[in-house]
Amino acid sequence: MSQVREVEFDRIVALVLRTGAFGCFFVMLTGLLIGIFHKGRAAHDVELAGVLLMLATPVVRVIVACFLFFREKDYRYGYISLGVLVILLLGSVFGVGEH
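Described below are features of the structure shown in this document. (Residues numbered from 1 in each chain as written. Predicted model: local features only at pLDDT ≥ 70, side-chain atom pairs only at ≥ 80, totals over all residues. Heavy atoms only, no water.)

What follows covers the nonpolar core. One finds Phe 9, Val 13, Val 16, Val 64, Ala 65, Leu 68 and Phe 69 forming the largest nonpolar core, which totals seven residues. Elements supplying a minimum of two residues to this core: α1 (3-37) and α2 (41-71). (Core = buried A, V, L, I, M, F, W, Y, C linked by side-chain atoms within 4.5 Å. Buried < 20%, exposed > 50% of the residue type's maximum accessible area, 1.4 Å probe, protein only. Helix = DSSP H or I, 4+ residues; strand = E, 2+ residues; numbered from the N terminus.)

Put into structure tokens, the structure is as follows:
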């Protein structure tokens, strides 16, 4: 990758991580506010959505990185990202029943 492409790559990945972090924060804050003002299951569900968003953010980051590497024709790192994505997905599939 050239220096110009690397800066663009870093900006896109940082945007994905920033969006996920702020989105998670606001969803969990909404769940907290719902829990303060309204008792019930709705607050728990909104907070759970925030946690799931927090867990999904790194996976989305790997997907975006994989796409960007293949778009740049940097196949070595594209396949490495794809391998990391497969490991993440297998870990979440086989780790669902574990406590």
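Structure's up, so let's keep going.
This model, assessed by the stated rule, comprises five aromatic pairs. Arranged with centres 4.8 Å apart and planes meeting at 35°, the rings of Phe 9 and Phe 69 form a pair that is tilted. Taken together, the positions of Phe 9 in helix α1 and Phe 69 in helix α2 put the pair 60 residues apart, joining distant regions of the chain. On the basis of relative accessibility, which here comes to 11%, the residue Phe 69 falls in the buried class. For the pair Phe 70 and Tyr 79, a centre-to-centre distance of 5.1 Å together with 80° between the ring planes defines the contact as edge-to-face. On the basis of relative accessibility, which here comes to 25%, the residue Phe 70 falls in the partly exposed class. Since its relative accessible area comes to 53%, Tyr 79 is described here as exposed. Cluster of aromatic residues (ring-pair linked, three or more members): Phe 9, Phe 69 and Tyr 77. (Phe/Tyr/Trp six-rings, centres within 6.5 Å; stacked < 30°, edge-to-face > 60°.)

If you check helix α3 (residues 75-94), its first and last C-alpha atoms are 28 Å apart, about what 20 residues at 1.5 Å a residue would give, namely 28 Å. Of the positions making up α3, those classed as buried are Gly 78, Ser 81 and Leu 85. Along the long axis of α3, the arc covered by the buried residues comes to 65°, so they all point the same way. Along α3, the residues that are exposed and aim more than 90 degrees away from the buried face are Arg 76, Tyr 79, Ile 87 and Phe 94. Those residues of α3 that are buried are in contact with α2. (Expected span 1.5 Å × (residues − 1). Arc of directions from axis to C-beta. Contact = heavy atoms within 4.5 Å.)

Here the focus is the environment of Leu 82. Looking at where Leu 82 falls in the secondary structure, it is placed in helix α3. Here the alpha-carbon distance between Leu 82 and Ala 65, two residues 17 residues apart in the chain, equals 9.1 Å.

The values are spatial; any link to function lies outside them.
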